[in-house]
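One letter stands for each residue in the lines below.
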Amino acid sequence: MSRPAHQVADAGEALLDLHDEIVEVGADVGGLKAGDRVVVNPQGVPSGIIGCGGAHGAMSEYLLIEEAEVGRNLAAFPDHVPFDVAALNEPMAVARHCVNRSEAKPADKVVVFGAGPIGLGATIWLKLRGVEHVVVADVIPERLETALAVGADAVIDSAEEDVTERLTELHGPAANALGQARAGTDIYIDAAGVPAVLQAAVDSAKWGAKVVMVAVQKKSDAIDLGGMLRSELTLIASQGYPTEIFEVTAEIAEHHERFAKLISHRVPFGEVERAFGLAMTPGAAEKVVVTFDA
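Residues numbered from 1 in each chain as written. Predicted model: local features only at pLDDT ≥ 70, side-chain atom pairs only at ≥ 80, totals over all residues. Heavy atoms only, no water.

## Looking at the nonpolar core
Point 1. Formed by 46 residues in total, the largest nonpolar core has its most connected members in Val112, Trp125, Leu126, Val136, Ile189 and Phe259.
Point 2. Where this core is concerned, the elements lending two or more residues are helix H1 (83-86), helix H2 (89-102), strand E6 (109-113), helix H3 (117-128), strand E7 (133-138), helix H4 (141-149), strand E11 (187-190) and helix H8 (249-254).
Point 3. In terms of residue count, H2 provides more of this core than any other element does, 6 residues in total.
Point 4. Beyond its immediate chain neighbours, meaning those up to four positions away, Val112 contacts Gly119, Thr123, Leu126, Val134, Val135, Val136, Ala137, Ile189 and Ala191. (Core = buried A, V, L, I, M, F, W, Y, C linked by side-chain atoms within 4.5 Å. Buried < 20%, exposed > 50% of the residue type's maximum accessible area, 1.4 Å probe, protein only. Helix = DSSP H or I, 4+ residues; strand = E, 2+ residues; numbered from the N terminus. Contact = heavy atoms within 4.5 Å.)

Structure representation (structure tokens):
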């Protein structure tokens, strides 16, 4: 929401500039002061979501946070963390919720389909969680290189390699409920959102495996439900970040150099149309961040 810089925030409000730095705080706002660098919960304002077509945000020069409260709709981050990395807080909360939903344990063997921001974020969270072996599958070699750079133990080029065979090599052999040969993978994470991914998981899944669906799903092809039955496959949906939006902030700050590797393009605000063009072109970018002059 645009607002003149000289206008004072009301009692319970905080006013942020385009760097997400607090300009003013209302008299009833505690724990924050002008000059604090903050990240915002896009779903934490009473009058509608921030961005995504809502009345707030959308590249405005100023953003008004109503009913401002630390830990509910905004949180401070350290000065040593670059603004572009702090801007990853929201998508990394999505990735963290996915990993939380998976309930992955250190001994688990996991494959993440899709090496975009959410898939790569999930990979980082899995490794920080202590998960023993994480594989990332994608069809774009450059993204697979990034996956290795952020900590993936192995990658699969699913355009060139047989996923089940490669997972069996990496995670060992196992079987479904009927004793048919399957890969030893425990958890499949779909961060790609294409029908072939869910079917690949069904084709590979051992008895008792899980599939966590975090990607936005469009109308998809039929999935082999019989294959799911033969593996007693558990399908888990993961939507947004019910509790994770600020759960991730301190760890992003601690590991900010690792998370910075997710950013493939930094585009100045004056070229914002190019930024949107990159983001909307399949395979053109991993994570695009719009930057502003200090």
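## Quick word on empty space enclosed by the protein
Point 1. For the coordinates displayed, the defined rule picks out 1 cavity of 30 Å³ or more.
Point 2. Looking at the largest cavity, its volume works out to about 50 Å³.
Point 3. Along the walls of the largest cavity sit Val39, Phe77, Val81, Val85, Ala86, Asn89, Thr249, Ile252 and Ala253, which together make up its complete lining.
Point 4. The set of elements that each furnish at least two residues to the lining of the largest cavity consists of H1 and H8. (1 Å grid on protein atoms, 1.4 Å probe; cavity = no way out; pocket = protein on both sides within 12 Å on 5 of 7 lines; lining within 4 Å. Points joined across faces, edges and corners; volume = space filled by probe spheres on them.)

## Remarks on the pairing of strand E14 (residues 265-268)
Point 1. As paired elements, E14 and strand E15 (residues 288-291) share 4 bridges and run parallel to each other. If you follow His265 over to E15, its bridge partner there is Val288.
Point 2. In this fold, E14 hands off to helix H10 (residues 272-280), which returns the chain to E15; that crossover is right-handed. (Pairing = 2+ DSSP bridges. Right-handed = clockwise from strand over helix to strand, strands pointing away.)

## Some details on the side chain of Lys127
Point 1. Structurally, Lys127 is set in helix H3.
Point 2. A distance of 2.9 Å separates a polar side-chain atom of Lys127 from the backbone oxygen of Val131.
Point 3. If near-sequence neighbours (up to four positions away) are discounted, Lys127 is found in contact with Glu132, His133, Val134, Gly151, Asp153 and Arg258. (Polar contact = N/O pair within 3.5 Å; in protein donor to acceptor, adjacent residues only side chain to side chain.)

## What about the layout of surface pockets?
Point 1. Considering only enclosed or pocket space, the second largest pocket measures out at about 280 Å³ in volume.
Point 2. If you go around the second largest pocket, you meet 13 residues; those closest to its centre are Val214, Val216, Ser238, Gln239 and Gly240.
Point 3. Looking at the lining of the second largest pocket residue by residue, the classes come out as 7 nonpolar, 5 polar and 1 charged. (Nonpolar A, V, L, I, M, F, W, Y, C, P; charged D, E, K, R; others polar.)

## Let's talk about H2
Point 1. Along its 14 residues, H2 runs 20 Å from first to last C-alpha, staying within 8% of the 20 Å computed at 1.5 Å per residue.
Point 2. Burial within H2 is extensive, with 11 of its 14 residues counted as buried.
Point 3. Of all the positions in H2, only Asn89, Pro91, Met92, Ala93, Val94, Ala95, Arg96, His97, Cys98, Val99 and Ser102 are classed as buried.
Point 4. At the exit of H2 stands Glu103, carrying a positive phi of roughly 55 degrees. (Expected span 1.5 Å × (residues − 1).)

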